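Architecture and fold: a report
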Amino acid sequence: MILDYEQYSVKLIWGEKMTYKTLGNAEERIPAIGLGTWTIGGTETPDYSRDMEMVDIIAAAIEMGYTLIDTAEYYAAGHTEELIGEAIKPIDRSKLFITSKVWPDNLSRKRLHQALKRTLKRLGTDYLDLYLIHWPNEQIPLAESLGAMSESVDAGYVKYIGVSNFDLPLLEKAVAISKHPIVCNQVLYNVEDRQPRRSLLPFCLRNDVTLVAYSPVRRNIVSDRARRVLSSVAKTHGCSIYQVMLAWLIAQENVVTIPKSTDLGHLKDNLASADISLSGAELYQIDSSL
Ligand SMILES: NC(=O)c1ccc[n+]([C@@H]2O[C@H](COP(=O)([O-])OP(=O)(O)OC[C@H]3O[C@@H](n4cnc5c(N)ncnc54)[C@H](OP(=O)(O)O)[C@@H]3O)[C@@H](O)[C@H]2O)c1
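Below is a summary of the structure that appears in this document.

Conventions and cut-offs
- Residues numbered from 1 in each chain as written.
- Predicted model: local features only at pLDDT ≥ 70, side-chain atom pairs only at ≥ 80, totals over all residues.
- Heavy atoms only, no water.
- Near = heavy atom within 4 Å.
- Polar contact = N/O pair within 3.5 Å; in protein donor to acceptor, adjacent residues only side chain to side chain.
- Nonpolar A, V, L, I, M, F, W, Y, C, P; charged D, E, K, R; others polar.
- Helix = DSSP H or I, 4+ residues; strand = E, 2+ residues; numbered from the N terminus.
- Contact = heavy atoms within 4.5 Å.
- Phe/Tyr/Trp six-rings, centres within 6.5 Å; stacked < 30°, edge-to-face > 60°.
- Buried < 20%, exposed > 50% of the residue type's maximum accessible area, 1.4 Å probe, protein only.
- Axes fitted to C-alpha atoms, helices over the stretch in contact; angles between N-to-C directions.
- Parallel < 35°, antiparallel > 145°, perpendicular 65-115°, else oblique.
- Left-handed = near helix turned anticlockwise from the far one by under 90°.

**Quick look at the site of the ligand**
Taken together, 27 residues lie around the ligand, and Asp70, Arg219, Ser261, His266 and Asn270 are the ones closest in. One nitrogen or oxygen atom from the side chain of histidine 134 is found 3.3 Å from an oxygen atom belonging to the ligand. Between an oxygen atom of the ligand and a main-chain N or O atom of lysine 260, the distance comes to 2.9 Å. Each residue belonging to the shell around the ligand can be placed in one class, and the counts come to nine nonpolar, twelve polar and six charged.

In structure tokens, the structure reads:
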């Protein structure tokens, strides 16, 4: 893809506290920065030891302005969804945009419907805004899984459907066969992991598929080289390198991101990244030197 750095400023819609982008080809606007929740409440298994603290942090994040929450049935074996459910109890559901993901073991029609029911119960909601296939599963026909996802839309349990960790051929197939539009592909994308740039992002741009970037601050593992480049840009803006990493992502058309944090300061900084406007020269500097 040839990037035109002068045209690199995106059509953003500014909300009160957040920058929004259009979701896929839908009429929906979603925040450019949402809340990731992997490791909140455990990893592969639940960790109940900090439940109250985690519920308070999720609630504080929402209060701060995070309205898009990304989770999955896999996270802490469902416990992350339970903690989110607890945190959102007092909140007007219509103000939130909740994404969850179905694990590859549950991609048959029957199991997907059962998995979705459990997810809704844990979250204490009667619908998801967005439901994603977490990872592909070659053992189960994609048409069957997407068929079940579309049935969930038709039944009103899900507003939009999408995929995650789909490579280009698989995404092309999903887009071609899905009854309801595939509005997003959630993939690993950050300043150092830029594989989606080659062909996935251009396809997404052409086909109105939002690219949701996960691990946007690289789980805090940033190479010395990247640190040097990002620090010089950060200095100009009086912000952290992590904020530059997020600003770099959302400066790109069709890209939104979902950093995870349970640190109130980091949460605030991450949200504020939406206000950092990197110049074409800065974007070029990052792109060309990393
Ligand atoms: N679809 C998939 O297969 C998939 C895979 C991975 C992730 N995801 C989703 O994407 C979300 C984000 O990805 P991720 O959790 O892998 O990685 P990430 O958001 O890049 O990194 C999270 C880590 O970075 C730290 N951090 C966050 N903001 C920071 C800041 N401003 N300054 C310093 N450190 C900061 C956090 O620590 P503190 O908590 O201390 O701030 C945490 O340790 C996940 O939580 C999950 O919802 C999806």
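There's more to say after this.
**Here we look at the side chain of serine 289**
Tracing the backbone shows serine 289 in helix H10 (residues 280–289). Engagement of the side chain of serine 289 in a polar contact is seen with the backbone oxygen of glutamine 285, the distance being 2.3 Å. Excluding its chain neighbours within four sequence positions, the residues that come into contact with serine 289 are Arg225 and Val229.

**Structural notes on the packing of aromatic side chains**
All chains considered together, the criterion is met by four aromatic pairs. Between tryptophan 38 and tyrosine 74, the aromatic rings sit 6.0 Å apart at their centres with planes inclined by 20 degrees, giving stacked as the arrangement. A residue pair is termed long-range when its members are at least 10 positions apart, and tryptophan 38 in the loop between strand E4 (35–36) and helix H1 (51–64) and tyrosine 74 in the loop between strand E5 (68–70) and helix H2 (79–88) qualify at 36 residues. When the centroid spacing of 5.2 Å and the interplanar angle of 55 degrees are considered together, the rings of tryptophan 38 and tyrosine 75 count as tilted. Remark: tyrosine 75 occurs in the loop between E5 and H2 and tryptophan 38 occurs in the loop between E4 and H1; sequence separation between them is 37 residues. Judged by relative accessible area, which is 9%, tyrosine 75 ranks as buried.

**Some thoughts on the packing of H1 against helix H9 (residues 264–272)**
Put simply, H1 and H9 touch, their axes get as near as 11 Å, and they point 30 degrees apart. On the basis of their axis angle, the class for H1 and H9 is roughly parallel. In the packing of H1 onto H9, the handedness of the crossing is right-handed. Across the interface between the two elements, Ile57, Ala60, Ala61 and Met64 from H1 touch Leu264, Leu267, Lys268 and Leu271 from H9. Considering only residue class, the contact of H1 with H9 consists of seven nonpolar, no polar and one charged.

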